[in-house]
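# Analysis of the macromolecular model
Given next are the chains, with one letter for each unit.
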Amino acid sequence: MSQTDFPHSNCCVKKGEIMRKPRQLKKNAYYHVSNKFHRFIQIIMNDRIKKYLLTLIHAATKKFKMKIKNVCILDTHFHMEIKPGEDENLSEIMKYIKQRFTQWVNRTFNSEGSAWKDRFFSRIIEDLTDLVRVFVYIEQNVIRAGLGKRAADYPFYEVWEDVTEKEYSPGE
């Protein structure tokens with residue numbers, strides 16, 4: 001295969017294969033981020049694993065400049081509302097969290113391979129209405145999963161910042 005088959009790409013993709021879409025990024029924007037755990041993790045999921053992931057997310061806030069509205073860690077996946085700082089990159093933040101979590105899982109459970117089913121999902125939150133809608137959606141995951149009558153009762157749901165109109169900026 002020659003590069004002339006794909007003049008706008010320097011990767012080797014066979015004809016007929018679909019390249020994944022580039023991640024949509026916007027400076028100073030909030031994102032709804034989610035990632036599914038690999039099936040192995042779903043089978044062994046327990047409070048210790050969830051607590052460790054939450055600890056890693058806290059550690060990431062010390063390493064990177066960012067704001068988090070809320071986080072919910074479930075048995076099969078997690079969600080968070082995140083705004084990377086001015087000079088931060090969403091993919092780098094997620095790489096930090098995902099790599100360290102995978103390393104810990106592999107050491108702790110004598111396993112190998114990724115702890116994640118796929119690359120993480122992210123969507124730019126466009127405005128205040130969307131910010132509130134995503135906040136509530138993440139909160140409602142606890143109730144929909146039958147883990148509590150209120151999200152606040154679930155130990156792996158945390159609100160780090162309430163949604164306020166004056167604080168939200170839609171990004172550039």
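A brief look at the structure comes next. Since the structure is predicted, the reported quantities are computational estimates derived from the model, not experimental observations. (Residues numbered from 1 in each chain as written. Predicted model: local features only at pLDDT ≥ 70, side-chain atom pairs only at ≥ 80, totals over all residues. Heavy atoms only, no water.)

Following the criterion strictly, the structure yields 9 aromatic pairs and no others. Measuring from centroid to centroid gives 5.5 Å for phenylalanine 64 and tyrosine 96, while their planes differ by 75°, and the two rings are edge-to-face. You can see phenylalanine 64 sitting in the loop between α2 (47–63) and β2 (66–73) and its partner tyrosine 96 sitting in helix α3 (residues 90–108), a full 32 residues away along the chain. Between tryptophan 104 and phenylalanine 109, the ring centres sit 6.1 Å apart and the planes meet at 90°, which makes this aromatic pair edge-to-face. Residue class for tryptophan 104 comes out buried when judged on its relative accessible area of 10%. (Phe/Tyr/Trp six-rings, centres within 6.5 Å; stacked < 30°, edge-to-face > 60°. Helix = DSSP H or I, 4+ residues; strand = E, 2+ residues; numbered from the N terminus. Buried < 20%, exposed > 50% of the residue type's maximum accessible area, 1.4 Å probe, protein only.)

If you walk across this open sheet you meet the 5 strands as β4-β1-β3-β2-β5, and the pairing is antiparallel. Across the chains shown, the open sheet's two edge strands, defined by having one partner strand only, are β4 (121–125) and β5 (157–159). Here the average twist between neighbouring strands, direction ignored, is 20°. Pairing geometry for β2 and β5, over 3 bridges, is antiparallel. Residue pairing for β5: asparagine 70 is matched across the bridge by valine 159. (Pairing = 2+ DSSP bridges. Axes fitted to C-alpha atoms, helices over the stretch in contact; angles between N-to-C directions.)

Here we take up unusual backbone geometry. If you check the backbone angles, asparagine 28 has positive phi at about 65° while not being a glycine. Within the element layout of this structure, asparagine 28 appears in the segment before β1 (30–36). Note on asparagine 28: relative accessible area 19%, which makes it buried. Even without being glycine, asparagine 110 reaches a positive phi, approximately 50°. Turning to its location among the elements, asparagine 110 is positioned in the loop between α3 and β4. The class for asparagine 110 is exposed, based on a relative accessible area of 72%.

The subject of this paragraph is the packing of α2 against α3. Close contact between α2 and α3 brings their axes to 10 Å; oriented N to C, the two are set at 145°. Our pair here, α2 against α3, has a crossing hand that is right-handed. Residues Arg48, Ile49, Tyr52, Leu53, Leu56, Ile57, Ala59, Ala60 and Lys63 of α2 form the contact with α3, whose own contacting residues are Tyr96, Ile97, Arg100, Phe101, Trp104 and Thr108. When its residues are assigned to classes, the contact of α2 with α3 shows 11 nonpolar, 1 polar and 3 charged. (Left-handed = near helix turned anticlockwise from the far one by under 90°. Contact = heavy atoms within 4.5 Å. Nonpolar A, V, L, I, M, F, W, Y, C, P; charged D, E, K, R; others polar.)

Okay, the nonpolar core next. Among the nonpolar cores identified, the biggest contains 45 residues, and Leu53, Ile73, Met80, Ile82, Ile97 and Phe101 are the most heavily contacted of them. Only β1, α2, β2, β3 (77–84), α3, β4 and α4 (128–144) provide two or more residues apiece to this core. In terms of residue count, the dominant contributor to this core is α3 (8 residues). Beyond its immediate sequence surroundings of up to four residues, isoleucine 97 is in contact with Leu53, Leu56, Ile57, Ala60 and Met80. (Core = buried A, V, L, I, M, F, W, Y, C linked by side-chain atoms within 4.5 Å.)

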